[in-house]
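One-letter residues, chain by chain:
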Amino acid sequence: MSDFPENATLGQMPESAILARIFPKLPHSDFTIVGPGDDCAVMRAPDSRFVITTDMMVQGPDFRLEWSTPHQLGIKAAATNLADVAAMGAVPTGLVVSIAAPPETTVSFLEAIAEGFHDACLELAPGCGVVGGDLSVSTVVVISVSAFGDLEGREPLLRSSAQPGDVVAVSGRLGLAGLGLEALFAGTQDIHPLLRSAQLAPWPPISQGKAAAVAGARAAMDVSDSLVMDASRIARASNVVIELDEAVLDGLASRLAIEVGVDAAHARQAMLFGGEDHALLVTFPSNQPLPPGFDALGVVRARVIGESPHVSMGGAAVAENGWNPYQNWNGELS
Ligand SMILES: [Mg+2]
């Protein structure tokens, strides 16, 4: 057993003792051949190709310790990376996690982050686990994750593969995380639990990435920055126009407004321009039913002469507003 007290800080313990406390909390990957303990993990990549992505969260611009528990930080760091793997139509297989934190941080803080990773992997991406990582010191908490995934023999879902005539569909929620962030910034006392959890511990539909690919999806993204901003990226990559169905959006916004207690215009704004929901935005050929859990939001059409790739709604181009860490950070750290 450890000679260090439960409330020991990182600065009080050697790295080996810290890792001995954290390792048992981490989720195991079914794809591991050689696990933690060597210079690298060795993993199976059954497809022979693998997808890889990375996403970093920095205290201040990306999270605040007065808002997030370490368990929520673990969930969010895992979920954002898993969503990128899912958006390629792949199945997540492993995560590598690097954390820097001030020396006065308790080891139990890192254990709670590890438990967040555990819960997210277990529920969202069974079989995926943490296969390696690194610890360092810093003046703020930084959590950097790389994620791997297996394509299982399917072609990756690219942003550039949308075709005129495709149906644009979404799986997962839109608008909740953005409304949650607004409420946190506003200091709202009784934030609706759906908004709080969507912002602080997102729970994206990871298995829907594979489901979309199996169902013949063409292009996909996870909605990390905003529906309009990310749909615009598909439009540009595919050289098409994405037309969102205003009546559908208004219907969804009305339901969201009632659900979480905001007015409909506000809900609609959050659905179009709010970030961090990590819903899956997918285009499907129109000649087949959408897979379960996907709702049609619009269509892909060819550009007309003189028209740039863009997102339109109700016959007008929609401005590309959304999440931008460089614009959204006011310099505060807590
Ligand atoms: Mg993404």
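Scroll up a little and you will see the structure.
Caption draft 1: Expanded view of the packing of aromatic side chains. All told, the structure shown has three aromatic pairs when counted by the stated rule. Geometrically, the ring pair formed by Phe-50 and Phe-148 is tilted, given 5.8 Å between the ring centres and 50 degrees between the ring planes. Of this pair, Phe-50 sits in strand β3 (residues 50-58) while Phe-148 sits in strand β6 (residues 142-150), and the two are 98 residues apart along the sequence. Between the aromatic rings of Trp-67 and Phe-185, the centroid separation amounts to 5.1 Å while the plane-to-plane angle is 90 degrees, which identifies the pairing as edge-to-face. Here the residue Trp-67 occupies a position in the loop between β3 and α2 (70-87), and Phe-185 occupies one in helix α4 (residues 176-186), the gap between them amounting to 118 residues. On the basis of relative accessibility, which here comes to 17%, the residue Trp-67 falls in the buried class.

Caption draft 2: Local environment of the nonpolar core. Of all hydrophobic cores here, the largest spans 51 residues; its most connected members are Leu-82, Leu-95, Val-97, Leu-110, Phe-117, Ile-143 and Val-282. At the level of elements, α1 (15-22), β3, α2, β4 (91-101), α3 (107-124), β6, α6 (207-214) and β10 (279-284) are the ones that each hand at least two residues to this core. Looking at which domains feed residues into this core, each of domain 1 (14-150) and domain 2 (159-323) supplies at least three. Once residues lying within four places of it in the same chain are set aside, the contact partners of Phe-117 are Pro-27, Gly-74, Ile-75, Ala-77, Ala-78, Leu-95, Val-97, Val-130, Ile-143 and Val-145. Ranked by size, the runner-up nonpolar core spans 44 residues in total, among them Trp-67, Leu-244, Ala-270 and Ala-279.

Caption draft 3: Spotlight on the sheet that holds β4. What the four strands build is an open sheet, ordered β3-β6-β4-β5; its pairing is mixed. Strands with a single pairing partner mark the edges of an open sheet, and in this sheet they are β3 and β5 (129-137). Across the sheet, the axes of successive neighbouring strands diverge by a mean angle of 15 degrees, strand direction being ignored. Where β3 meets β6, nine bridges bridge the pair, whose relative direction is antiparallel. Residue pairing for β6: Val-58 is matched across the bridge by Val-142. Sitting on the sheet, α2 is in contact with β3, β4 and β6, with an inclination near 145 degrees to β3.

Caption draft 4: Structural detail: the packing of α2 against α3. For the pair α2 and α3, the least separation of the axes is 6 Å and the interaxial angle reads 40 degrees. On the basis of their axis angle, the class for α2 and α3 is oblique. In the packing of α2 onto α3, the handedness of the crossing is right-handed. Only Phe-109, Ala-112, Ile-113, Glu-115, Gly-116, Phe-117, Asp-119, Ala-120 and Leu-124 of α3 make contact with α2, whose side of the interface consists of Pro-70, His-71, Leu-73, Gly-74, Ile-75, Ala-77, Ala-78, Ala-79 and Leu-82. For the contact of α2 with α3, the residue count by class is 13 nonpolar, three polar and two charged.

Cut-offs applied
- Residues numbered from 1 in each chain as written.
- Predicted model: local features only at pLDDT ≥ 70, side-chain atom pairs only at ≥ 80, totals over all residues.
- Heavy atoms only, no water.
- Phe/Tyr/Trp six-rings, centres within 6.5 Å; stacked < 30°, edge-to-face > 60°.
- Helix = DSSP H or I, 4+ residues; strand = E, 2+ residues; numbered from the N terminus.
- Buried < 20%, exposed > 50% of the residue type's maximum accessible area, 1.4 Å probe, protein only.
- Core = buried A, V, L, I, M, F, W, Y, C linked by side-chain atoms within 4.5 Å.
- Domains from an automatic or database assignment.
- Contact = heavy atoms within 4.5 Å.
- Pairing = 2+ DSSP bridges.
- Axes fitted to C-alpha atoms, helices over the stretch in contact; angles between N-to-C directions.
- Parallel < 35°, antiparallel > 145°, perpendicular 65-115°, else oblique.
- Left-handed = near helix turned anticlockwise from the far one by under 90°.
- Nonpolar A, V, L, I, M, F, W, Y, C, P; charged D, E, K, R; others polar.

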